[in-house]
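Survey of secondary and tertiary structure
One-letter residues, chain by chain:
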Amino acid sequence: MITQDDDVVDRDGAGKRRLSRRNFIAASTGLAGSLVAGRAAADSLADVPPREVGADLSGRSERSQYVKISRIPEATPGKRNIDPSDAINSKTPLDKLFGSITPSDLHYERSHSGVPDLDPAKHRLLVHGMVKKPLVFNVEDLKAMPSISRTVFIECTGNGWENWKKADPDLTVQNTHGLVSTNEWTGVPLKFIVDLIGKERDSNWMLAEGGDAAGVARSIPLTDEILNEAFIAYGQNGEPLRPAHGFPMRLVMPGFEGNLNIKWLRRLKFGDRPWMTRWETARYTQLQADGKAEQFQLRMDTNSVITSPSGTMVIKPGYQRITGLAWSGHGKITRVEISTDGAKTWQDAQLNSPALPKAQSRFQMDWVWDGKPTKIVSRSTDDKGNLQPDRKSFIAVTGSNALFHYNAQQTWSIDETGRVRNVLD
Ligand SMILES: Nc1nc2c(c(=O)[nH]1)N[C@H]1C(S)=C(S)[C@@H](COP(=O)(O)O)O[C@H]1N2
Ligand SMILES: [Mo]
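Note that the structure is a prediction, hence the values are computed from the model and not measured.

On to the overall build of the protein, then. Counting its secondary structure elements, the protein contains 6 helices and 24 strands. In the protein, which comprises 425 residues, the share counted as buried stands at 51%. In the protein, the proportion of contacts linking residues at least 24 apart, taken out of those at least 6 apart, comes to 71%. Taken as a whole, the protein presents about 20200 Å² of accessible surface, with 52% of it coming from carbon and sulfur.

Right, here's the structure in full:
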């Protein structure tokens, strides 16, 4: 029987753990009970159910009746009212998804005045302000322009705020980290629009405003990075945007806070200073340790979370495939490390390809749980050299008045019964 973790883990030259068939077979046959699969009884189909008659083909596919998977809306006072604002959000089931793309209907959702049902025939986008030629577009105009498709994460600045002060042990990863998702978005580069309208040289800010009742509007600094990367999307995972995500058009701001990705986009106004909307004064400012508020903390930092095993799951001793997601608003994830002994020692996880810049990346690692209580935690590094901080150093730098941009390492504890719980560290 295999008892030593090292016996089942290959190491390559760099000492990195690799996933291998040998590891998997050794670990899962050495320790009973961790897998359902068994040796085939005979060289026949005796163990396999018969073929089944099919239903009629249809215009649109549904999930299997056996797959129960959904977002969880969290908002108005309820069982888990952890949202300090009056906004409504609906979180992605990170623990039930594979790979790195979020299905469109499970992309997290945050809408401050519900989801407007906009008629694309009537919807217009006004582009004006410090420009030579103010223009009005509809979605057909946008579709006629040169477009790009890019896979990026969008993350609400509030993602993770449950764990700022305390850790509710009964939270799932959907509760703690479900306000981030990754989709392929298609649309027109902001740069193209800027050239079309002839933006004035000293116009270095842009106001983006949504067409929903909330009147969400944000001032966006026109840095080179933003001018080169922002785009006005009309497509989401190969189809028109879903209403919840801004149909018929939205701004996509790769790497920057979710709130800037203005949905139901109706106006872009160019100017030479920020507009100081209530969304960047009363809301979405960060209270510092000294009581002052920081404005325009726009970038989403390097982050990661183990999605399995994760909060409320129950595991058995033996082989475990630890897996999760890592992302950074600075660029590409280059490394994810996992600790299975409460952050004492770390091993490199395998990063699945492709690890795209400003998109979620899937990671995984073989592990054999010996049945003793422990804690598991991940930390990521991006190609700009940013390392995801542990909670102590994160709080030391940020203070505990803050509410947004929580990107400290997430620790899951595992007790002797195999129950996984959310803990601070
Ligand atoms: N017009 C408008 N745009 C909006 C919002 C909104 O309420 N209205 N919510 C913002 C916030 S706070 C976030 S986090 C993202 C969420 O995008 P999603 O719902 O597609 O995930 O959209 C942003 N854009
Ligand atoms: Mo948000």
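Next comes the rest of the account.
We now examine the site of ligand 1. Near ligand 1 there are 20 residues, and of these Y108, H112, D212, H245 and K263 occur at the shortest range. Across the complex, the protein chains shield 100% of the 530 Å² of accessible surface that ligand 1 would expose by itself. If you tally residues by element for the shell around ligand 1, the top one is strand β3 (residues 109–111), at 3 residues. A breakdown of the residues in the shell around ligand 1 according to their chemical character gives 7 nonpolar, 8 polar and 5 charged.

Our focus in this paragraph is the sheet that holds strand β17 (residues 318–327). Whenever strands of a sheet pair, they do so through backbone hydrogen bonds, lying parallel or antiparallel. Sheet architecture is open: 4 strands sit in the order β16-β17-β21-β20, paired in antiparallel fashion. At either margin of the open sheet sits one strand with a lone partner, and together these are β16 (303–308) and β20 (350–351). As judged from the 2 bridges shared by β20 and strand β21 (residues 361–369), these two strands associate in the antiparallel manner. Opposite Q350, over in β21, you have Q364 as the bridge partner.

Our focus in this paragraph is unusual backbone geometry. Cis peptide bonds are those with omega within 30 degrees of zero, and the linkage from F247 to P248 qualifies with 5 degrees. Along the polypeptide, P248 turns up in the loop between β11 (239–240) and β12 (250–252). Looking along the chain, the bond that leaves S353 and enters P354 is cis, with omega of -10 degrees. By the secondary structure assignment, P354 is in the loop between β20 and β21. Here the phi dihedral of Y284 falls at roughly 55 degrees; this positive angle occurs in a residue that is not glycine. Within the element layout of this structure, Y284 appears in the loop between β13 (265–271) and β14 (286–287). The phi torsion at F296 lies on the positive side, around 55 degrees, for a residue other than glycine. Tracing the chain through its elements places F296 in the loop between β15 (293–294) and β16.

Going through the model one piece at a time under the given rule, you end up with 25 salt bridges. The salt bridge involving R60 is made with E62; its shortest N-O contact spans 3.2 Å. The closest approach of N and O atoms between K96 and D95, which form a salt bridge, is 3.8 Å. Through salt bridges with shared partners, a single network forms among R150, E225, E229, R299 and K358.

A few words on the packing of aromatic side chains. Counting across every chain of the model gives 6 aromatic pairs. Chaining the aromatic ring pairs together yields one cluster made of W161, Y284 and F404. One Lys or Arg, R250, reaches over the ring of W185 and ends 5.1 Å from the middle of that ring.

Moving on, we come to the nonpolar core. Formed by 42 residues in total, the largest nonpolar core has its most connected members in I232, L251, L265, L268 and F270. Elements with a minimum of two residues in this core: β4 (125–129), α2 (139–144), α4 (190–197), β8 (205–210), α5 (224–229), β10 (231–236) and β13. Ranked by residue count, the leading element in this core is α4, at 4 residues. Each of domain 2 (74–292) and domain 3 (303–423) contributes no fewer than three residues to this core.

Strands sit in the order β1-β2-β3 across an open sheet of 3 strands; the sheet is antiparallel. Two strands bound the open sheet, and with one partner strand each, they are β1 (72–74) and β3. Taken over all neighbouring pairs, the strand axes of this sheet differ in orientation by 15 degrees on average, direction set aside. Where strand β2 (residues 88–91) and β3 come together, 3 bridges link them in antiparallel fashion. Across the sheet, the residue bridging to S90 is E109, located in β3.

Okay, the pairing of strand β9 (residues 217–221) next. Each regular strand shows side chains that alternate between the opposite faces of the sheet. Within β9, 5 of the 5 residues are buried, leaving the element largely enclosed by the surrounding structure. The side-chain alternation of β9 yields two buried faces, one formed by A217, S219 and P221 and the other by R218 and I220. Sheet topology note: the β8/β9 ladder contains 5 bridges and is antiparallel. If you follow M206 over to β9, its bridge partner there is I220.

Before going further, it helps to examine the environment of F192. In this structure, F192 sits in helix α4. For F192 and M145, which are 47 residues apart along the polypeptide, the C-alpha to C-alpha distance reads 8.5 Å. If sequence neighbours within four positions are ignored, F192 has contacts with M145 and P146.

Definitions and cut-offs
- Residues numbered from 1 in each chain as written.
- Chains lettered and ligands numbered in written order.
- Predicted model: local features only at pLDDT ≥ 70, side-chain atom pairs only at ≥ 80, totals over all residues.
- Heavy atoms only, no water.
- Helix = DSSP H or I, 4+ residues; strand = E, 2+ residues; numbered from the N terminus.
- Buried < 20%, exposed > 50% of the residue type's maximum accessible area, 1.4 Å probe, protein only.
- Contact = heavy atoms within 4.5 Å.
- Areas by Shrake-Rupley, 256 points an atom, 1.4 Å probe, with all protein chains shown as cover.
- Near = heavy atom within 4 Å.
- Nonpolar A, V, L, I, M, F, W, Y, C, P; charged D, E, K, R; others polar.
- Pairing = 2+ DSSP bridges.
- Salt bridge = Lys/Arg side-chain N within 4 Å of Asp/Glu carboxyl O.
- Phe/Tyr/Trp six-rings, centres within 6.5 Å; stacked < 30°, edge-to-face > 60°.
- Lys NZ or Arg CZ within 6 Å of the ring centre and 35° of its normal.
- Core = buried A, V, L, I, M, F, W, Y, C linked by side-chain atoms within 4.5 Å.
- Domains from an automatic or database assignment.
- Axes fitted to C-alpha atoms, helices over the stretch in contact; angles between N-to-C directions.

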